[in-house]
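# A structural walkthrough
What follows is the residue order along each chain.
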Amino acid sequence: MRVLLVDDHALVRSGLRAVLATTDDCEVVGEAATGEEAVALTPVLRPDVVVMDLSMPGAGGVEATRGVRAASPTTRVLVLTTFSDDDRVRAALAAGATGYLLKDATPDDVVAAVRAAARDEAPIDPRVARALLPGARVAGPGPDLPPRERDVLVRIARGMSNRQIATELGIAERTVKVHVGSLFRRIGVADRTSAALWARDHGW
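What this report covers is the structure whose coordinates are included nearby. (Residues numbered from 1 in each chain as written. Predicted model: local features only at pLDDT ≥ 70, side-chain atom pairs only at ≥ 80, totals over all residues. Heavy atoms only, no water.)

### Observations concerning the overall build of the protein
Defined as follows: A run of H or I in DSSP becomes a helix once it reaches four residues, and a run of E becomes a strand once it reaches two; helices and strands are each numbered from the N terminus. Values of the radius of gyration come from C-alpha atoms, whereas the globule rule sets the reference at 2.2 Å times the count of residues to the power 0.38. Each residue is placed in one exposure class: buried if its accessible area under a 1.4 Å probe, protein chains only, is under 20% of its type's maximum, exposed if it is over 50%, and partly exposed if it falls in between.
Within the protein, the regular secondary structure consists of ten helices and five strands. The C-alpha atoms of the protein give 17 Å as radius of gyration, which agrees with the globular expectation for 204 residues (17 Å, within 12%). Dimensions of the protein, computed from C-alpha atoms along their principal axes, come out at roughly 50 × 35 × 30 Å. For the protein, with 204 residues in total, the buried portion stands at 49%.

### A short note on the pairing of strand S3 (residues 49-52)
Convention followed: A pair of strands counts as paired when DSSP detects no fewer than two bridges linking them. Here, the term right-handed applies to a crossover whose path from the first strand over the helix to the second runs clockwise when the strands point away from the viewer.
Burial along S3 is two-sided: the residues Val-49 and Val-51 and Val-50 and Met-52 are all buried. Sheet topology note: the strand S1 (residues 2-6)/S3 ladder contains four bridges and is parallel. Residue Val-3 lies in a different strand from S3, and its bridge partner there is Val-49. The pairing of S3 with strand S4 (residues 76-81) spans four bridges and is classified as parallel. In the sheet register, Met-52 faces S4, and the bridge partner there is Val-79. In this fold, the crossover linking S3 to S4 by way of helix H3 (residues 61-71) has right-handed handedness.

### Side note on the packing of aromatic side chains
As a reminder of what qualifies: The pairing test for Phe, Tyr and Trp rings, Trp by its six-membered ring, is centres within 6.5 Å, and the orientation test on the planes gives stacked under 30 degrees, edge-to-face over 60, and tilted for anything in between. In our convention, an over-ring charge means Lys NZ or Arg CZ found within 6 Å of a ring centre and within 35 degrees of that ring's normal.
A complete count under the given rule lists zero aromatic pairs for this structure. Across the ring face of Phe-83, the terminal group of Arg-88 is positioned such that the distance to the ring centre comes to 3.7 Å.

### Section: the sheet that holds S1
Applicable threshold: Here, axes are lines fitted to C-alpha atoms. For helices the fit covers the stretch in contact, and angles between N-to-C directions go from 0 to 180 degrees. For this analysis, residues touch if any pair of their heavy atoms sits within 4.5 Å.
The strand order across the open sheet formed by five strands is S2-S1-S3-S4-S5, and the pairing between neighbours is parallel. Whereas interior strands pair on both sides, the edge strands pair on one side only; in this sheet they are strand S2 (27-32) and strand S5 (99-102). With direction set aside, neighbouring strand axes in the sheet form an average angle of 20°. Running at roughly 170° to S3, H3 makes contact with S3 and S4 of the sheet.

### Digging into the packing of helix H2 (residues 35-45) against H3
Note the following rule: By definition in this entry, angles of less than 35 degrees are roughly parallel, angles greater than 145 are roughly antiparallel, angles of 65 to 115 are roughly perpendicular, and the rest are oblique. For this classification, the nonpolar set comprises Ala, Val, Leu, Ile, Met, Phe, Trp, Tyr, Cys and Pro, the charged set comprises Asp, Glu, Lys and Arg, and every other residue, Gly included, is treated as polar.
Between H2 and H3, whose axes approach to 9 Å, the crossing angle comes to 10°. Here H2 is positioned roughly parallel relative to H3, judged by the angle of their axes. Where H2 approaches H3, its residues Gly-35, Ala-38, Val-39, Thr-42 and Pro-43 are matched on the opposing element by Ala-64, Gly-67, Val-68 and Ala-71. Class assignment of the residues belonging to the contact of H2 with H3 gives a composition of six nonpolar, three polar and no charged.

### Observations concerning the packing of helix H7 (residues 147-157) against helix H8 (residues 162-169)
Note the following rule: Each helix crossing is assigned a hand: it is left-handed if the near helix lies turned anticlockwise from the far helix by less than a right angle, otherwise right-handed if that turn is clockwise.
Two elements in contact, H7 and H8, have axes whose closest approach is 10 Å; the angle formed by their N-to-C orientations is 130°. When the axes of H7 and H8 are compared, the pair comes out oblique. Seen along the crossing, H7 lies across H8 with a hand that is right-handed. Each of Arg-148, Asp-151, Val-152, Arg-155 and Ile-156 in H7 lies in contact with H8, whose residues at this interface are Ile-165, Glu-168 and Leu-169.

Structure (structure tokens):
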């Protein structure tokens, strides 16, 4: 996986580079200190995942996320920030971020989130998912889901990957994929982030 690191603090970028260097499947192909640099580097480096800070001089992370996704639609953006407030989370996801992680995450969590983002999953810190719930608009109950799809949806909303869901539920990962596909069709969404937001809006 080709990874671009975006943060205005060199120490943070250095730490992330060191963490990803311990893996055998992640390669840091570039660094950017501003949102503008991130957008400019994306079409040149073609990273699989951009690890994006939100608070930077000039173009912030939300605007940069939108620019990265426009420059390279196949590139996934993983937000890594200190902010967990509802407005920032909503803005980042609306701009096209695939996942949202807080900076006090463990190195293992960061690596797992980068891998999940590269698989087009939605690694969302559970604390962020909870932060979205208070004050959220609660829609109707939605379709009546089979028990196993309800189990899967709850865990998608917690930011869990298919592998993590399979382990927790004691079923095969390919079975989880089947449930995810069926679930998406039932609730009318196309990706995990939309499913997580659907779950939030329906009071899950």
